Amino acid sequence: METIEKRQRGRPRSFHGPAENSSVQSLDRALRILAIIADGDGLSLSEVAAASGLAASTAYRMLTTMEGHGMVEFDRTDQLWSIGVETYRMGSAFLRRRKLVDRARIVMQDLMEKTGETANLGVAEDDCVVFVSQVETHQAIRAFFRPGTRSSFHASGIGKAILAHLPGERVTAIVRKEGLETYTPKTITDAPALARDLLQIRERGFSIDDEERHPGMRCIAAPVFNEFGEPVAGVSISGPTVRVTLERVADIGPLVRDAAAEVTRMIGGKFSRAG
């Protein structure tokens with residue numbers, strides 16, 4: 001009887017429930033269970049099912065799926081479910097981003113005051129750049145990127161700054177997968193031309209988005225590196241071409257490059273010349 005009772009605490013009597021009708025509903029249920037597990041200190045299956053309002057067989061299906069991804073763990077001795085190591089990795093990723101945003105803020109404020117233009121912070125995702133922070137200029141006409149805005153690597157200053165310091169095979173894989181979409185007449189849509197631009201970026205330490213994503217807007221950016229010397233983010237300034245002229249690039253570029261280098265130092269990163 002003791003053996004049977006232990007089995008019941010960790011898994012249902014039978015596991016033949018109907019398939020879920022909606023993948024979104026399944027995801028919602030799985031996330032609900034994950035939150036319950038996170039709040040507990042080792043929970044039996046019956047406790048998880050009761051707290052989530054789900055049948056034991058459904059809860060078990062969710063738990064075993066998440067177990068396969070490392071999101072939860074099952075102690076077969078105590079027959080209890082607990083949070084998995086993969087959630088720690090994801091949480092750590094959030095904390096790293098949060099540290100980056102917080103520490104970059106003062107550098108971005110200084111950069112905005114020195115250049116008179118909006119300063120931006122973007123992070124690299126698998127297929128794009130995501131803007132996560134911005135310090136706006138006081139100018140009436142200014143660039144604005146809502147936090148969460150996504151931009152293609154090849155058509156943004158930060159994106160090209162990151163690409164320029166990735167291994168060549170990684171750049172090739174990104175271009176092959178995502179393509180080189182045309183946004184304006186100045187967008188770089190040819191792989192050899194992009195390669196030449198990335199070489200110039202590596203040599204001078206900053207990139208230029210010359211109306212390649214938005215007509216009438218120019219952006220100057222430089223990469224931020226993590227502790228492994230990998231480009232994980234970028235700092236930029238952006239503004240209308242009537243103010244961010246090509247003549248000003250020689251003055252603004254080093255300021256942006258220095259700002260990105262300062263953020264790299266603040267997060268414990270190290271510089272890389274990989275190409």
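Residues numbered from 1 in each chain as written. Predicted model: local features only at pLDDT ≥ 70, side-chain atom pairs only at ≥ 80, totals over all residues. Heavy atoms only, no water.

1. A look at the overall build of the protein
- For the protein, the count of helices and strands is nine helices and eight strands.
- Taken across its 275 residues, the protein has 47% of its residues classed as buried.
- Long-range contacts, defined here as pairs at least 24 residues apart, represent 60% of the contacts in the protein between residues at least 6 apart.
- Carbon and sulfur atoms provide 53% of the accessible area of the protein, an area that totals close to 14400 Å². (Helix = DSSP H or I, 4+ residues; strand = E, 2+ residues; numbered from the N terminus. Buried < 20%, exposed > 50% of the residue type's maximum accessible area, 1.4 Å probe, protein only. Contact = heavy atoms within 4.5 Å. Areas by Shrake-Rupley, 256 points an atom, 1.4 Å probe, with all protein chains shown as cover.)

2. Notes on the pattern of salt bridges
- Scanning the entire structure with this criterion turns up 11 salt bridges.
- Across the pair R248 and E117 runs a salt bridge whose closest N-O atoms are separated by 3.8 Å. A residue pair is termed long-range when its members are at least 10 positions apart, and R248 in helix α9 (residues 246-266) and E117 in the loop between α5 (85-115) and β3 (118-124) qualify at 131 residues.
- Taking the relative accessible area as the measure of exposure, E117 reaches 1% and is therefore buried.
- E211 is paired through a salt bridge with K186; the nearest N and O atoms lie 3.1 Å apart. (Salt bridge = Lys/Arg side-chain N within 4 Å of Asp/Glu carboxyl O.)

3. Thoughts on the confidence of the model for the protein
- Chain-level pLDDT for the protein is 87 on average; 86% of the residues reach the 70-or-more range.
- In the model, residues 1-7 has pLDDT below 50 throughout and makes five contacts with residues more than four positions away in sequence or in other chains.
- In the model, residues 17-21 has pLDDT below 50 throughout and makes nine contacts with residues more than four positions away in sequence or in other chains. (pLDDT = per-residue confidence, 0-100.)

4. Concerning the pairing of strand β6 (residues 207-210)
- Of the two faces of β6, both are covered, the one formed by S207 and D209 as well as the one formed by I208 and D210.
- The pairing of β6 with strand β7 (residues 217-225) spans four bridges and is classified as antiparallel. For S207, the partnering residue across the bridge sits in β7 and is A221.
- The antiparallel pairing of β6 with β7 creates a hairpin that spans six residues between the two strands, and E211 there sits at a positive phi of about 60°. (Pairing = 2+ DSSP bridges.)

5. A look at helix α7 (residues 168-178)
- Those residues of α7 that fall on the buried side of the exposure criterion are V171, I174 and V175. All buried residues of α7 project into a common sector of 95° when viewed along the axis, lining one side. Exposed side chains of α7 directed beyond 90 degrees from the buried face belong to E169, R176 and K177.
- In this structure, the buried residues of α7 make contact with α6 (157-163) and α8 (191-204).
- G179 lies just past α7 and shows a positive phi near 80°. (Arc of directions from axis to C-beta.)

6. Quick notes on the pairing of strand β8 (residues 231-240)
- For β8, a buried count of nine out of 10 residues is recorded, marking the element as mostly surrounded by other parts of the structure.
- Across six bridges, β3 lies against β8 in antiparallel orientation. Bridge pairing in β8 places G122 opposite G234.
- Hairpin remark: β7 followed by β8, antiparallel, with five residues in the connecting loop; positive phi at G229, about 80°.

7. Focus on the packing of aromatic side chains
- This structure, assessed with the given rule, holds two aromatic pairs.
- Centroid distance Y60 to W81: 6.4 Å. Interplanar angle 70°. Geometry classified as edge-to-face. Placement of Y60 in helix α4 (residues 56-68) and of W81 in strand β2 (residues 80-83) is noted, with a sequence separation of 21 residues between them. Taken individually, Y60 and W81 each receive the classification buried, so the pair is uniform in this respect.
- Among the aromatic residues, ring-to-ring pairing joins Y60, F74 and W81 into one connected group.
- Stacked on the ring of F206, the Lys or Arg R204 has its end atom at 5.3 Å from the ring centre.
- It is R213 that lies over the ring of Y183; its NZ or CZ is 3.9 Å from the centre. (Phe/Tyr/Trp six-rings, centres within 6.5 Å; stacked < 30°, edge-to-face > 60°. Lys NZ or Arg CZ within 6 Å of the ring centre and 35° of its normal.)

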